Amino acid sequence: MFKWILKQLISIFFKVVVSGSLSKLPLEKKIYICNHESMLDALLISLFIPDKFYFVMDKTVGTKIPFSFKTLKNKNDFIYFIRNRITMFVIKFVNVIKVDTKSPHSIKTMVKLINEGKSLLIFPEGRITTTGSLCDIQPGTWFLAKKTNAMIIPLRLSGLLTSHFSYMSETKKKIFNKVQLVISDPVDISNLSREDALLVIEKLLSH
């Protein structure tokens, strides 16, 4: 009920248009991937796509930092603090898997979830864009697909770069934003080489 109320509140500021169909999606072993425009990406996807996601987040990002006026020495410190609090608020409404990206145990945890039929949501760039363009694609998605034979479900978000939740410091921000979320057909990258898979993912998220 609270997520429904949250969706109505968000819809006041963000006109979210979802295109594409979920009818062709596999019932088991799927990994959603999406470009990363803002701090709200995971929340918007979880609210506007009717599937239960497990959102993969680096454990250093999903950690609440203590509040102290002594640590807020300049504007950048204040911005960092606000972003941390927004992140902590958002992850209350999504199923988060906090991982140590340098630990192989994290991969085993994600493989186990996929093999159990749970849906993962991954941002292959690994971080929110600060330029408006895609960041370098990380190999984690390819590795998981290869280990589990899961299908990749490409998502494409646009319209959040001008929101106050993006990392675009030079862009004029708006309170009301039109957001488009495009769902593409499933793709199998499990048999591709690492290099080819990364190129495919980059192409899918660039559309």
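Thresholds, definitions, all that
- Residues numbered from 1 in each chain as written.
- Predicted model: local features only at pLDDT ≥ 70, side-chain atom pairs only at ≥ 80, totals over all residues.
- Heavy atoms only, no water.
- Helix = DSSP H or I, 4+ residues; strand = E, 2+ residues; numbered from the N terminus.
- Rg over C-alpha atoms; globule rule 2.2 N^0.38 Å.
- Contact = heavy atoms within 4.5 Å.
- Areas by Shrake-Rupley, 256 points an atom, 1.4 Å probe, with all protein chains shown as cover.
- Lys, Arg positive; Asp, Glu negative; His and termini not counted.
- Charge placed at Lys NZ, Arg CZ, Asp CG, Glu CD.
- Patch = residues over 30% accessible without salt bridge, like charges linked within 9 Å, V, L, I, M, F, W, Y side chains within 5 Å.
- Salt bridge = Lys/Arg side-chain N within 4 Å of Asp/Glu carboxyl O.
- Buried < 20%, exposed > 50% of the residue type's maximum accessible area, 1.4 Å probe, protein only.
- Pairing = 2+ DSSP bridges.
- Phe/Tyr/Trp six-rings, centres within 6.5 Å; stacked < 30°, edge-to-face > 60°.

Trainee: Help me understand the overall build of the chain in this model?
Mentor: Scanning the chain from N- to C-terminus turns up 6 helices and 7 strands. Along the chain direction, N to C, the helices and strands of the chain fall in the order α-β-β-α-β-α-β-α-β-α-β-β-α. Relative to the compact-globule value of 17 Å for 207 residues, the chain shows a C-alpha radius of gyration of 17 Å, a close match. The dimensions of the chain, computed from C-alpha atoms along their principal axes, are 50 × 35 × 35 Å. Looking at the chain alone, contacts between residues at least 24 apart form 77% of all its contacts between residues at least 6 apart. For the chain, the exposed area adds up to about 11800 Å²; of that, 58% sits on carbon and sulfur atoms. A distance of 8 Å separates the average location of the 30 positive side-chain charges in the chain from that of its 16 negative side-chain charges.

Trainee: Explanation requested: a nonpolar patch on the surface in the structure shown.
Mentor: On the surface, Met-1, Trp-4, Ile-5, Leu-9, Ile-12, Phe-13, Ile-175 and Phe-176 cluster together into a nonpolar patch covering about 910 Å² of accessible area. Exposure remark for Ile-12: the relative accessible area of 53% places this residue in the exposed category.

Trainee: Help me understand the pairing of strand 2 (residues 30-34) in this model?
Mentor: Counting buried positions over the 5 residues of strand 2 gives 5, a clear majority of the element. As judged from the 5 bridges shared by strand 2 and strand 6 (residues 151-158), these two strands associate in the parallel manner. Counted as the bridge partner of Ile-33 is Pro-154 from strand 6. Pairing analysis gives 3 bridges linking strand 2 to strand 5 (residues 119-122), with the strands arranged parallel. Paired with Ile-31 across the strands is Leu-120, a residue of strand 5.

Trainee: Would you take a moment to explain the packing of aromatic side chains for this structure?
Mentor: One pair of aromatic rings is described through two measures. These are the centre distance and the angle between the planes. Overall, the coordinates contain 4 aromatic pairs when judged by the stated rule. Plain terms: the ring middles of Phe-13 and Phe-176 are 5.8 Å apart, the flat faces sit at 15° to each other, and that makes the pair stacked. Remark: Phe-176 occurs in the loop between strand 6 and strand 7 (177-183) and Phe-13 occurs in helix 1 (residues 2-13); sequence separation between them is 163 residues. When its relative accessible area of 53% is taken as the criterion, Phe-176 is described as exposed. Judged by centre distance (4.7 Å) and plane angle (75°), the rings of Tyr-32 and Phe-53 are edge-to-face. Placement of Tyr-32 in strand 2 and of Phe-53 in strand 3 (residues 53-58) is noted, with a sequence separation of 21 residues between them. By relative accessible area, Tyr-32 is classed as buried at 1%.

Trainee: How should the environment of Lys-15 be read in this particular structure?
Mentor: Mapped onto the fold, Lys-15 is located in strand 1 (residues 14-19). Owing to a relative accessible area of 55%, Lys-15 belongs among the exposed residues under this scheme. Once you skip the residues sitting within four places of it in the chain, Lys-15 turns out to touch Asn-177, Lys-178 and Val-179.

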